[in-house]
Amino acid sequence: MTDTTSQTGNKMWGGRFASGPDTIMEEINASIDFDRKMYVQDITGSRAHAKMLHDQGILSSDDHATIDQGLHTILSEIETGQFTFSRALEDIHMNVENRLAELIGPAAGRLHTARSRNDQVAVDFRMWVRDQADSVQSALEEFISALLDKADEHADSVMPGFTHLQTAQPVTLGHHCLAYVEMMARDLSRFKDARERMNECPLGAAALAGTGFNIDRHATAQALGFREPTRNSLDSVSDRDFALEFLSAASICATHLSRLAEEIVIWSTPQFGFVQLSDRFSTGSSIMPQKKNPDAAELVRGKIGRITGSLVGLLTVMKGLPLTYSKDMQEDKEGVFDAAETLELCLAAMTGMVTDMTINRGAMEAAAGSGYSTATDLADWLVREAGIPFRDAHHITGRAVAMAEENTCELAEIPLEELQALHTDIHQGVFDVLTVQASVASRTSFGGTAPSGVRSQIKYWRGRLA
Ligand code: ARG
């Protein structure tokens, strides 16, 4: 519920004001419609602050007990939908504090000792982003594990490898899946790093300059699960790097997801026919009965717009802001909330799609062999077996490709005599390297596509993630 009736003056800061805000002012000022999402963090932060004030002898035992009990009540009121949020009270901080006053009377006014909404919002938002960084990491781990399972199942299923979306060389689907494992693992480490950097507690910076009260910032930092308190009060209330880093990591991750989504869209076309999406992750057309659309993949491809949009949005909000807090910074939250929710949804959809997807090995293998994809293998064979310099071997192979094109046949179907016309050293053994299986099996260099290499990379990642 949100109560929208304006009050004559704000109880929290209205002392010097003769009249209440214009309704438009209230409208532009209020953040409660979205920052109520941080109610757990706000109440947790307040409880830690109150306990510290008490431990430092700033708050009496009685006041601390009633404040703590009141905050506990508010938490359950919000959780059970009994709390009335008010726009006139601007944000989550003042909504909670106002309710505390209703519940326990004047003692509520002591909670804000040695604190400001500036450090309060900074700590609340940090904790919210920190929680998200944790849950994104779990979602990424699940997705990586789904990719590893697919890679394992298809360690030796051949498919065309592409450059310029033109058939380049045969690769294995397992190897292709592992390319995404690498990307997702880098994303995972980016979220981990960002979490580590953001894990400093700004609470106690007060409005901007610190406070004269004998507070213990190390105690609140510890109580709220932070590594340590932030070291500069001005930076503490004006920094939003933690949100920017979260959005950067989210944008890069969403970029990766959009690339796989695009591949799934292409692979599931009847023209490619490499994969079939499960009914659970596709939709039909209301007019064309034959259609099965990869909507989930398209949406993952499209939703990156919101995530990267949020990053650009917040970078733009922060650009050029003088120290320390400015109200512009209230615009930091919605984009982050939306990006976090969107990324989790995309990761869940991708995990489901990849797990459920049926692979059409035959179509992949047929495509892998088309387009003279083993031409490089022929050139390499000429280098190895006939001692021909690679540039010359490349030229000879080019002529073999032209020959195959003329005969409308595959490289492996050119009669030996015709190949020998290109170079006398060519013998029957060349045909061993012209199949797609032989091609992938030969790519045993570290990080290459050979099934043996794929299997050892899967083992490496399983070990690393265990
Ligand atoms: N709702 C505000 C925000 O999200 C809280 C901080 C307000 N601070 C202030 N000095 N007005 O940024």
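All of the points below concern the structure found in this document. (Residues numbered from 1 in each chain as written. Predicted model: local features only at pLDDT ≥ 70, side-chain atom pairs only at ≥ 80, totals over all residues. Heavy atoms only, no water.)

### So, the overall build of the protein chain
At step 1: Scanning the protein chain from terminus to terminus reveals 18 helices and eight strands.
At step 2: Taken over the C-alpha trace, the protein chain has a radius of gyration of 31 Å; the compact-globule value for 466 residues is 23 Å, which it surpasses by more than 25%.
At step 3: When its C-alpha atoms are laid out on the principal axes, the protein chain stretches across 100 × 50 × 40 Å.
At step 4: Buried residues in the protein chain amount to 49% of all 466 residues.
At step 5: Restricting to contacts in the protein chain with at least 6 residues of sequence separation, those with at least 24 account for 76%.
At step 6: For the protein chain, the exposed area adds up to about 21900 Å²; of that, 52% sits on carbon and sulfur atoms.
At step 7: The average position of the 42 basic charges and that of the 64 acidic charges among the side chains of the protein chain differ by 4 Å. (Helix = DSSP H or I, 4+ residues; strand = E, 2+ residues; numbered from the N terminus. Rg over C-alpha atoms; globule rule 2.2 N^0.38 Å. Buried < 20%, exposed > 50% of the residue type's maximum accessible area, 1.4 Å probe, protein only. Contact = heavy atoms within 4.5 Å. Areas by Shrake-Rupley, 256 points an atom, 1.4 Å probe, with all protein chains shown as cover. Lys, Arg positive; Asp, Glu negative; His and termini not counted. Charge placed at Lys NZ, Arg CZ, Asp CG, Glu CD.)

### Comments concerning the layout of surface pockets
At step 1: Put simply, the largest pocket is a space of about 430 Å³.
At step 2: Lining the largest pocket are 20 residues, and of these Gly-161, Phe-162, Thr-163, His-176 and Glu-263 lie nearest its centre.
At step 3: When contributions to the lining of the largest pocket are tallied by element, the ones reaching two or more residues are strand S3 (158-163), strand S4 (166-172), helix H7 (173-198) and helix H10 (241-267).
At step 4: When the residues that make up the lining of the largest pocket are grouped by side-chain class, the tally is ten nonpolar, six polar and four charged. (1 Å grid on protein atoms, 1.4 Å probe; cavity = no way out; pocket = protein on both sides within 12 Å on 5 of 7 lines; lining within 4 Å. Points joined across faces, edges and corners; volume = space filled by probe spheres on them. Nonpolar A, V, L, I, M, F, W, Y, C, P; charged D, E, K, R; others polar.)

### Some points on empty space enclosed by the protein
At step 1: Summed over the entire model, instances satisfying the criterion amount to one cavity of 30 Å³ or more.
At step 2: Here the largest cavity is characterised by a volume of approximately 70 Å³.
At step 3: For the lining of the largest cavity, the secondary structure elements donating two or more residues are helix H6 (117-153), H7 and H10.
At step 4: Ranked by residue count, the leading element in the lining of the largest cavity is H7, at four residues.
At step 5: Looking at the lining of the largest cavity residue by residue, the class counts come to nine nonpolar, one polar and one charged.

### Notes on the site of the ligand
At step 1: Close contacts around the ligand come from Ser-31, Asp-35, Asp-91, His-93, Arg-117, Asn-118, Val-121, Tyr-325, Gln-330 and Lys-333, and that covers them all.
At step 2: Between a nitrogen atom of the ligand and a side-chain N or O atom of Ser-31, the distance comes to 3.3 Å.
At step 3: Across the complex, the protein chains shield 86% of the 340 Å² of accessible surface that the ligand would expose by itself.
At step 4: For the shell around the ligand, the element with the highest residue contribution is H6, accounting for three residues.
At step 5: For the shell around the ligand, the residue count by class is two nonpolar, four polar and four charged. (Near = heavy atom within 4 Å. Polar contact = N/O pair within 3.5 Å; in protein donor to acceptor, adjacent residues only side chain to side chain.)

### Thoughts on the packing of aromatic side chains
At step 1: In total, this model carries nine aromatic pairs according to the counting rule given.
At step 2: Ring geometry for Phe-162 versus Phe-272: centroids 6.2 Å apart, planes at 55 degrees, classification tilted. Here the residue Phe-162 occupies a position in strand S3, and Phe-272 occupies one in the loop between H10 and strand S7 (275-276), the gap between them amounting to 110 residues.
At step 3: Consider the rings of Trp-267 and Phe-274, whose centres lie 6.5 Å apart with planes at 40 degrees: the pair is tilted.
At step 4: By relative accessible area, which is 4% here, Trp-267 ends up buried.
At step 5: The class for Phe-274 is buried, based on a relative accessible area of 2%.
At step 6: Linked through ring pairs, Phe-125, Trp-128, Phe-242 and Phe-337 together constitute an aromatic cluster.
At step 7: Over the face of the ring belonging to Phe-125 we find Lys-333, whose NZ or CZ atom lies 5.7 Å from the ring centre. (Phe/Tyr/Trp six-rings, centres within 6.5 Å; stacked < 30°, edge-to-face > 60°. Lys NZ or Arg CZ within 6 Å of the ring centre and 35° of its normal.)

### Let's talk about the nonpolar core
At step 1: Counting 98 residues, the largest nonpolar core has Leu-257 and Leu-343 as the members making the most contacts within it.
At step 2: Looking at this core element by element, the count peaks at 16 residues for H10.
At step 3: Counting residues in each nonpolar core, the second largest holds 25 residues, with Ala-375, Leu-378, Ala-386 and Ala-404 among its members. (Core = buried A, V, L, I, M, F, W, Y, C linked by side-chain atoms within 4.5 Å.)

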